[in-house]
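Structural description and commentary
Next come the chains, spelled out residue by residue.
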Amino acid sequence: MNPKKLSEFTKGKLLPNEAKKYLHQVVSVEMPQGLKKYLEVELFPRVHMTVAKGVSLRTARRWLKKEGFKYMSHKKGLYYDGHEREDVDDRQACFLPAMEEMKPRLVAYSPEDVTKEEPLPHLQPEDRKIVIVAHDKMTAQAHDGKSMSWVWKGEQPLRKKGPGRGLHQSDVICSTVGWLKEASETMEYGKNYDGYWNGEMFATQLESKIIPVFESKHGPGYQAAFLIDNSQGHSAYAVDALIASRMNFNPGGKQPHMRNGWFLKNGVQVSQEMLFPPDHPVHPGEPKGMKQILIERSLWKRNLTMYCRNNKKRDGTTKKCEPDATDCCAKRILDLQPDFASQKPLVQEIIENAGHIFFLPKFHCELNFIEYFWGAVKRYLRENCDYTFEGLKKNMPNALAFVPVTLIQKWENRTKRWMDAYRKGLGAHEAQQEVKRFSSTKFTSHRHAPELRLDP
């Protein structure tokens, strides 16, 4: 297998036709050949078994099918890989219990009739109602039209090559209002256009648009529970956040001016300045660095290094400390300090400081019902595609507004069925089958979404 070609395929750098041919080559030839080679070179000799003519590709393909492999085109669907990782335990340990705790205050709509809001008999007068607000990002390209069309006598129309110029959307939806139009953010992405979306842009949108629009639409009696994916940008920290890896070992130099920290001394919380005072004789107003911070906390010990000396790689970078280590290096000691350990990402800080709630487990896009919203939006764009960028810009707001709030309410109920399935202890595959039992119509692809009805 060609590693370079595989890398280009996984990163989406190949042209559609070339990618399709390469995928066919991998599935129909390279995978069976890999199985054939493993059996003949490794497995059979290990069990002292010989096969005169070896294993044919046809036999290898048949064995792959018997083991559950299926030769098929790529389809977007449930992402299984990563669900059971050790660092994704927060689905069962944190997310589902938190959602269960919110139920007495959570706005919900009847599965039988989504136009009727379900009563909240246990809501206290001083409590605010909670509304789930789903956020996500999406890109759409000018040349992304329908894949099939009626053709007269085989005379297919010429289409433009490549995906064309594209738009990046960052939006939120909720079951009470639907799409929050005033909170939407659109940009023409690309190196030669508006650039690329990042965590700083989302933090600005969240602070200046999303939260104010939600509060103006709902009033003071409502609280938002934001479902936001765990992308790298959303996990970014503020410039002044307490992150040990950003610090120098000694004072001064290129390191951020961090906010004040704190530590416990004899059971009492003590505030600590992370910068020297302006009248310091040597480092006025400069960051103190790891060593000085540890000295002030009485945690410094002789011959302590910045990183673990034994974990140094040849290229100069460092590996992670041993899992059970507590004082192997200065960085490890600071990472375990309560003020550093409790540091939250910037997005979470903005949401919680505004009095709202933030969460979503890793690798669980099925728990964010805005994914269905994007499927409906893209269907509208494909059906109305004229293969021009101006047409895409014109169609985008219409596509976003086209999805009725009743359909969003149904998607939210579907997400809750996923949560109920996970509460029963079901795995991803079993939970998917459990959710499908409630569907009145079966669809084989995200492109085959149900027709959107605008009538009540």
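On a predicted model such as this, the values are computed, not experimentally measured, just so you know.

What counts, and at which threshold
Residues numbered from 1 in each chain as written. Predicted model: local features only at pLDDT ≥ 70, side-chain atom pairs only at ≥ 80, totals over all residues. Heavy atoms only, no water. Helix = DSSP H or I, 4+ residues; strand = E, 2+ residues; numbered from the N terminus. Buried < 20%, exposed > 50% of the residue type's maximum accessible area, 1.4 Å probe, protein only. Contact = heavy atoms within 4.5 Å. Core = buried A, V, L, I, M, F, W, Y, C linked by side-chain atoms within 4.5 Å. 1 Å grid on protein atoms, 1.4 Å probe; cavity = no way out; pocket = protein on both sides within 12 Å on 5 of 7 lines; lining within 4 Å. Points joined across faces, edges and corners; volume = space filled by probe spheres on them. Nonpolar A, V, L, I, M, F, W, Y, C, P; charged D, E, K, R; others polar. Polar contact = N/O pair within 3.5 Å; in protein donor to acceptor, adjacent residues only side chain to side chain. Salt bridge = Lys/Arg side-chain N within 4 Å of Asp/Glu carboxyl O. Phe/Tyr/Trp six-rings, centres within 6.5 Å; stacked < 30°, edge-to-face > 60°. pLDDT = per-residue confidence, 0-100. Expected span 1.5 Å × (residues − 1). Pairing = 2+ DSSP bridges. Axes fitted to C-alpha atoms, helices over the stretch in contact; angles between N-to-C directions. Parallel < 35°, antiparallel > 145°, perpendicular 65-115°, else oblique. Left-handed = near helix turned anticlockwise from the far one by under 90°.

Our focus in this paragraph is the overall build of the protein chain. Each helix and strand counted, the protein chain has 13 helices and 8 strands in total. Classification of the 456 residues of the protein chain by burial places 38% in the buried group. The long-range share in the protein chain, meaning contacts at least 24 apart out of those at least 6 apart in sequence, stands at 63%.

A separate point is the nonpolar core. In terms of nonpolar packing, the biggest core is built from 43 residues, with Phe373, Val377 and Met396 touching the most fellow members. Excluding anything up to four places from it in sequence, Met396 contacts Met138, Ala140, Leu167, Gln169, Val377 and Leu381. Judged by nonpolar contacts, the second largest core, of 25 residues, contains Val114, Ala224, Ile350 and Phe358.

Here the idea is plain: a probe the size of a water molecule rolls over the atoms and shows the empty space left. Per the counting criterion, the structure on display carries 2 cavities of 30 Å³ or more. Reported here for the largest cavity is a volume of approximately 100 Å³. Breaking the lining of the largest cavity down by element, the ones donating at least two residues are strand E1 (129-141), helix H10 (370-383) and helix H11 (389-402). Of the residues in the lining of the largest cavity, the class split is 6 nonpolar, 5 polar and 4 charged. If you add up the space inside the second largest cavity, you get close to 30 Å³. Lining the second largest cavity are Met247, Gln255, Pro256, Met258, Met274, Pro287, Lys288 and Gly289. Partitioned by chemical class, the residues of the lining of the second largest cavity number 5 nonpolar, 2 polar and 1 charged.

Another aspect to go through is the side chain of Glu434. With respect to the helices and strands, the residue Glu434 is situated in helix H13 (residues 428-436). At a separation of 3.1 Å, a polar atom in the side chain of Glu434 contacts the side chain of Lys424. Side chain to side chain, Glu434 and Arg437 meet in a polar contact 2.9 Å long. With sequence-adjacent residues up to four places away left out, Glu434 is seen in contact with Ala421, Lys424 and Leu426.

Under the definition given, this model contains 21 salt bridges. The partner of Glu296 in a salt bridge is Lys288, with the nearest N and O atoms 3.0 Å apart. The residue Glu352 makes a salt bridge to Lys344 at a minimum N-O spacing of 2.6 Å. What emerges from the salt-bridge pattern is a single network uniting Glu100, Lys103, Asp420 and Arg423.

The next thing to look at is the packing of aromatic side chains. On inspection of all chains with the given rule, the structure shows 5 aromatic pairs. With a centroid separation of 5.1 Å and 40° between ring planes, the pair formed by Tyr380 and Phe402 is classed as tilted. One end of the pair, Tyr380, is in helix H10; the other, Phe402, is in helix H11, and 22 residues separate them in sequence. Of the residues examined, Tyr380 reaches a relative accessible area of 17% and is grouped as buried. Note on Phe402: relative accessible area 25%, which makes it partly exposed.

The next subject is the confidence of the model for the protein chain. Model confidence for the protein chain is summarised by a mean pLDDT of 83, while 76% of its residues fall at 70 or above. Between residues 452-456, whose pLDDT stays under 50, and residues either more than four places distant or in other chains, the model counts 7 contacts.

On to H10, then. Residues three or four positions apart in an α-helix share a direction because the helix packs 3.6 residues into each turn. For H10, which comprises 14 residues, the first-to-last C-alpha distance of 20 Å matches the rise-based estimate of 20 Å (1.5 Å per residue) to within 8%. Burial runs high along H10: 11 of the 14 residues are buried. Along H10, the positions that sit buried rather than exposed are Ile370, Phe373, Trp374, Gly375, Ala376, Val377, Lys378, Arg379, Tyr380, Leu381 and Arg382. Along its buried surface, H10 packs onto E1, strand E2 (166-174), strand E3 (178-179), H11 and helix H12 (405-423).

Turning to the pairing of strand E6 (residues 261-265), a few remarks are in order. Every regular strand shows the same layout, with side chains that alternate between the two sheet faces. Bridge count for E6 against strand E7 (residues 268-272) is 5 bridges, and the pairing is antiparallel. Residue pairing in the sheet places Trp262 in a bridge with Ser271 of E7. Here E6 folds back onto E7, and the loop between the two strands holds 2 residues, one of which, Asn266, carries a positive phi near 55°.

A few words now on the packing of H10 against H11. Between H10 and H11, whose axes approach to 9 Å, the crossing angle comes to 135°. With respect to each other, H10 and H11 are oriented oblique. Once H10 is placed against H11, the crossing between them reads as right-handed. The segment H10 lies against H11, with Phe373, Trp374, Val377, Tyr380 and Leu381 engaging Leu392, Asn395, Met396, Asn398, Ala399, Leu400 and Phe402. Residue composition of the contact of H10 with H11, grouped by class: 10 nonpolar, 2 polar and no charged.

This next bit is on the packing of H12 against H13. The interhelical angle for the contact between H12 and H13, taken along N-to-C directions, is 135°, at an axis separation of 9 Å. The pairing of H12 with H13 is recorded here as oblique in orientation. Taken as a pair, H12 and H13 cross one another with a handedness that is right-handed. Counted together, Arg414, Arg417, Trp418, Ala421 and Tyr422 of H12 and Ala428, Ala431, Gln432, Glu434 and Val435 of H13 form the full contact between these two elements. Considered class by class, the residues forming the contact of H12 with H13 number 6 nonpolar, 1 polar and 3 charged.

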